[in-house]
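Here is how the chains run, residue by residue.
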Amino acid sequence: MSQNPLLREIETSYRRPNVPELRSGDSVRVHTLIKEGDKERVQIFEGVVIGQHRGGTRASFTVRKISYGVGVERIFPLHTSRIEKIEVVSQGQVRRARLNYLRGLQGKAARIKAERGPIEETPAAAAAPVAPATPAAPAAAPAAPVAPPAAS
């Protein structure tokens, strides 16, 4: 970011407020707006984050996926208005910031270990009301022999 307070203020006005925490190795689903003729539609690009470039409003991240046996990489500007939303599908456990070595791997060798840790609840699951537990039916007491009514 710029050191000048005026430029810093202008740059922060263009930043996205709802950017999820992204790291290299995360599997993400990026919903992008695609313009075809006079229509716009949302296209989903799902893959692994193999790198990030920080830099305020100029920040970007690279996503790689395999499509019909061919590796496809796409660089997304983080604060663009053409991205509708970014979903983090799963977090990967990697020891590098740039995962360029994945370009030379195929199949099972290109998998990334899932990160272990606390599982976060999805917003839908957190918003769903929890039904109160119904009390169990009391255990039936052993039946005492009932004496026949007395004849008078």
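The structure reproduced in this document is the subject of the present report. (Residues numbered from 1 in each chain as written. Predicted model: local features only at pLDDT ≥ 70, side-chain atom pairs only at ≥ 80, totals over all residues. Heavy atoms only, no water.)

Looking at the nonpolar core
Membership of the largest hydrophobic core is limited to 12 residues, which are Leu22, Val28, Val30, Phe45, Val49, Ala59, Phe61, Val63, Phe76, Leu78, Ile83 and Ile86. Contributing elements (two or more residues each) for this core: strand 1 (27-36), strand 2 (39-53), strand 3 (60-67) and strand 5 (83-90). Those residues in contact with Leu22 that sit more than four places away from it in its chain are Val28, Gln52, Arg54, Phe61, Leu78, Ile86 and Val88. (Core = buried A, V, L, I, M, F, W, Y, C linked by side-chain atoms within 4.5 Å. Buried < 20%, exposed > 50% of the residue type's maximum accessible area, 1.4 Å probe, protein only. Helix = DSSP H or I, 4+ residues; strand = E, 2+ residues; numbered from the N terminus. Contact = heavy atoms within 4.5 Å.)

Description of the environment of Gly71
Among the secondary structure elements, Gly71 is positioned in strand 4 (residues 70-77). Classification of Gly71 by relative accessible area gives partly exposed; the value is 37%. For the pair Gly71 and Arg103, spaced 32 residues apart in sequence, the C-alpha separation works out to 7.6 Å. Among residues more than four places away in sequence, those in contact with Gly71 are Arg64, Lys65 and Ile66.

Observations regarding the side chain of Asp26
Looking at where Asp26 falls in the secondary structure, it is placed in the loop between helix 1 (5-13) and strand 1. Summary of buried charges: Asp26 has no salt-bridge partner, and the nearest side chain of opposite charge, Arg23, is 4.8 Å away. For Asp26, the side chain forms a polar contact with the main-chain nitrogen of Arg23, separated by 3.0 Å. (Lys, Arg positive; Asp, Glu negative; His and termini not counted. Salt bridge = Lys/Arg side-chain N within 4 Å of Asp/Glu carboxyl O. Polar contact = N/O pair within 3.5 Å; in protein donor to acceptor, adjacent residues only side chain to side chain.)

Quick notes on the pattern of salt bridges
Summed over all chains, the structure comprises 8 salt bridges. For Arg29, the salt bridge identified is with Glu46, shortest N-O distance 3.2 Å. Residue Arg29 is found in strand 1, and its partner Glu46 is found in strand 2; the two are separated by 17 residues along the sequence. With relative accessibility at 25%, the residue Arg29 sits in the partly exposed group. Glu46 sits in the partly exposed class, given a relative accessible area of 37%. Across the salt bridge formed by Arg82 and Glu40, the nearest N and O atoms sit 3.1 Å from each other. With a gap of 42 residues between them, Arg82 in the loop between strand 4 and strand 5 and Glu40 in strand 2 connect regions that are remote in the sequence. Here Arg82 falls in the partly exposed class, since its relative accessible area comes to 34%. For Glu40, a relative accessible area of 46% corresponds to the partly exposed category. One salt-bridge network, held together by shared partners, links Arg29, Glu46, Lys85 and Glu87.

Such coordinate-based values are descriptive only and should not be taken to indicate function.
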